[in-house]
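Coordinates in review
One-letter residues, chain by chain:
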Amino acid sequence: MRYSSRREAILKILRDTKSHPNAEWVYAKVREQIPNVSLGTVYRNLKELSDAGELNTLETECGSLHFDADTSPHAHFVCNGCGAISDVFGYSEDTAALEKSGYRIDGVKTVIYGLCPHCVKENKAHTRLS
Ligand SMILES: [Zn+2]
Ligand SMILES: [Zn+2]
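Presented here is a report on the structure given in the accompanying data block. A quick note: this is a predicted structure, and the numbers were derived from the prediction, not measured.

With that settled, consider the pairing of strand β2 (residues 65-68). In this sheet, β2 lies alongside strand β1 (residues 56-59) in antiparallel orientation, the contact comprising four bridges. Residue Asn56 lies in a different strand from β2, and its bridge partner there is Asp68. Here β1 folds back onto β2, and the loop between the two strands holds five residues, one of which, Gly63, carries a positive phi near 90°.

Below you can see the structure in the form of structure tokens.
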């Protein structure tokens, strides 16, 4: 894959955060470094990086796409109270049965919904962000 300085900047920004941001957030950050960058360029680079397997994507229930530079296998927890997206390591779903039935699995994206410990404490029960 051909690397442009823009793509490098986008990848670096995503590697420096654990917050699983969306494209608009990445765009705002890239603009601090490359003021003349366009949102279209950021979208295109994010797509190319995802297609190349350099980034993971995850979609929340409300349909917004979030990016993750950590491509190691992990699940995500999306908080319905504050919208925070956290990494969940060590969680696995057993896909062996599917494979036994003849399916080929190319990837698993697990998103778990609920309330994060902070929101449970705040007792913000079932306030959905959408
Ligand atoms: Zn929360
Ligand atoms: Zn993640």
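Protein coordination at the zinc ion (ligand 2): the donors are His20 (NE2), Asp68 (OD), His74 (NE2), His76 (NE2) and Asp87 (OD), at 1.9 to 2.2 Å from the metal. Here the donor residues of the zinc ion (ligand 2) share one chain and are spaced in sequence as H-x47-D-x5-H-x1-H-x10-D. You can see His20 sitting in the loop between α1 (5-15) and α2 (23-33) and its partner His74 sitting in the loop between β2 and β3 (75-79), a full 54 residues away along the chain. There is no split in this pair, since His20 and His74 are both buried.

Remark: α1 packs on helix α3 (residues 39-51), axes separated minimally by 10 Å, with the N-to-C direction vectors making an angle of 75°. For the element pair α1 / α3, the angle class is roughly perpendicular. Note on element contacts: α3 touches α1 through Thr41, Val42, Asn45, Leu46, Glu48 and Leu49, opposite Arg6, Arg7, Ile10, Leu11 and Leu14. Here the residues of the contact of α1 with α3 sort into six nonpolar, two polar and three charged.

Bringing the nonpolar core into the picture now. The biggest cluster of nonpolar side chains holds 17 residues, and the ones touching the most others in it are Ile10, Leu14, Val26, Val30, Val42, Leu46 and Leu55. Only α1, α2 and α3 provide two or more residues apiece to this core. The element best represented in this core is α1, accounting for five residues. Each residue touching Val26, except ones within four places of it in the same chain, is listed here: Ile10, Leu14, Pro21, Val42 and Leu46.

This next bit is on the sheet that holds strand β5 (residues 111-114). The three strands lie next to each other as β4-β3-β5, forming an open sheet whose pairing is mixed. The two strands at the open ends of the sheet, each matched to only one other strand, are β4 (85-88) and β5. Across the sheet, the mean angle from the axis of one strand to that of its neighbour is 25°, orientation sign disregarded. Sheet topology note: the β3/β4 ladder contains four bridges and is antiparallel. Residue pairing across strands places Phe77 opposite Ser86, the latter belonging to β4.

Reading guide: rules and limits
Residues numbered from 1 in each chain as written. Chains lettered and ligands numbered in written order. Predicted model: local features only at pLDDT ≥ 70, side-chain atom pairs only at ≥ 80, totals over all residues. Heavy atoms only, no water. Pairing = 2+ DSSP bridges. Helix = DSSP H or I, 4+ residues; strand = E, 2+ residues; numbered from the N terminus. Donors = N, O, S within 2.8 Å, 3.2 Å for Na, K, Ca; no water. Buried < 20%, exposed > 50% of the residue type's maximum accessible area, 1.4 Å probe, protein only. Axes fitted to C-alpha atoms, helices over the stretch in contact; angles between N-to-C directions. Parallel < 35°, antiparallel > 145°, perpendicular 65-115°, else oblique. Contact = heavy atoms within 4.5 Å. Nonpolar A, V, L, I, M, F, W, Y, C, P; charged D, E, K, R; others polar. Core = buried A, V, L, I, M, F, W, Y, C linked by side-chain atoms within 4.5 Å.

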